[in-house]
Amino acid sequence: MPNLLTTVHAEASNFASDVTKEDAYKQVLSQATALLDGQRNWHSNLANTSSLLWHAYKSLPTPSASVNWAGFYVLDKSRASQLILGPFQGKVACQTIAFGKGVCGAAASKRETLLIHDVKAFPGHIACDGDSKSEIVVPIVVGGQTVAIIDVDCAEVEGFDEVDRRALEELARLLEGACDW
Ligand code: SME
């Protein structure tokens, strides 16, 4: 039943200018938990979550501030083993990605996180934006099936580390249970 008492407010995307990466992710997770309470529509939830991630990265020092794309691809129900572009923040991106292709498709088919320090070293990386130098992709898996992936790109090499991996995997677990896929 929708939580009608919870007011969604743009302030949820405000992060302190001196916040640490760990604390920024804690805020993303707590705000996402609140926003997802009483709302199970994946489209709405991924749209707000990509806003939280984007503003978190922009509040941090580099390399996080150099994130140039943060969002989601979801399982394309009209075509087996294909991802289709979901809600995101950043520039226009590739619309479909086959399972097994690029970093996103590889993470989707392996059902495991791929943390790529230098995309040039990843055979088959799909360069939707030539500015992207590093990338992290975390699958969202329900009932053994990848239903979506979190994708974040950075315009610097080594833009992501184990802090990003742990937090984004926690976010993926939250989204797995909180949305109707
Ligand atoms: N680089 C990704 C494609 C998606 S964009 O980064 C938004 C890949 O190799 O799968």
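These numbers were taken from a predicted model, which means no experiment stands behind them. (Residues numbered from 1 in each chain as written. Predicted model: local features only at pLDDT ≥ 70, side-chain atom pairs only at ≥ 80, totals over all residues. Heavy atoms only, no water.)

**Section: the site of the ligand**
Step number 1: For the ligand, the set of nearby residues contains 13 residues, the closest of which are Val 103, Cys 104, Ile 126, Glu 135 and Asp 153.
Step number 2: Cys 104 is positioned such that a nitrogen or oxygen atom in its backbone is 2.8 Å from an oxygen atom of the ligand.
Step number 3: Between the ligand and His 125, the relevant distance is 3.3 Å, taken from a nitrogen atom to a side-chain nitrogen or oxygen of the residue.
Step number 4: Here the ligand, which alone exposes 310 Å², has 99% of that area covered by the protein.
Step number 5: Judged by the proximity of its atoms to the pocket grid, the ligand belongs to the largest cavity.
Step number 6: For the shell around the ligand, the element with the highest residue contribution is helix H3 (residues 102–110), accounting for three residues.
Step number 7: Taken together, the residues of the shell around the ligand break down into eight nonpolar, two polar and three charged. (Near = heavy atom within 4 Å. Polar contact = N/O pair within 3.5 Å; in protein donor to acceptor, adjacent residues only side chain to side chain. Areas by Shrake-Rupley, 256 points an atom, 1.4 Å probe, with all protein chains shown as cover. 1 Å grid on protein atoms, 1.4 Å probe; cavity = no way out; pocket = protein on both sides within 12 Å on 5 of 7 lines; lining within 4 Å. Sits in = over half its atoms within 2 Å of the grid points. Helix = DSSP H or I, 4+ residues; strand = E, 2+ residues; numbered from the N terminus. Nonpolar A, V, L, I, M, F, W, Y, C, P; charged D, E, K, R; others polar.)

**Considerations on the environment of Leu 52**
Step number 1: Here Leu 52 is to be found in helix H2 (residues 42–59).
Step number 2: On the accessibility criterion, Leu 52 (1% relative accessible area) is buried.
Step number 3: Spatially, the C-alpha atoms of Leu 52 and Ala 34 are 12 Å apart, while their sequence positions differ by 18 residues.
Step number 4: Discounting residues that sit within four places of it in the chain, Leu 52 has contacts with Ala 12, Ser 13, Phe 15, Val 28, Gln 31, Ala 32 and Leu 35. (Buried < 20%, exposed > 50% of the residue type's maximum accessible area, 1.4 Å probe, protein only. Contact = heavy atoms within 4.5 Å.)

**Observations regarding the confidence of the model for the chain**
Step number 1: In the predicted model, the chain carries a mean pLDDT of 94, and 96% of its residues have values of at least 70.
Step number 2: Note on residues 1–5: pLDDT under 50 across the span, and four contacts to partners over four residues away in sequence or across chains. (pLDDT = per-residue confidence, 0-100.)

**A few points about the environment of Leu 75**
Step number 1: Note on placement: Leu 75 falls in strand S1 (residues 67–75).
Step number 2: Sequence spacing of Leu 75 and Leu 85 is ten residues, and the spatial spacing of their C-alpha atoms is 8.9 Å.

**Here we look at H2**
Step number 1: Taking 1.5 Å per residue, 18 residues should reach 26 Å; H2 reaches 26 Å between its end C-alpha atoms and fits that length.
Step number 2: All of the buried residues in H2 are Asn 45, Leu 46, Thr 49, Ser 50, Ser 51, Leu 52, Leu 53, Trp 54, Ala 56, Tyr 57 and Ser 59.
Step number 3: N-cap assignment for H2: the residue whose side-chain oxygen lies 2.9 Å from the backbone N of His 43 is Asn 41. (Expected span 1.5 Å × (residues − 1).)

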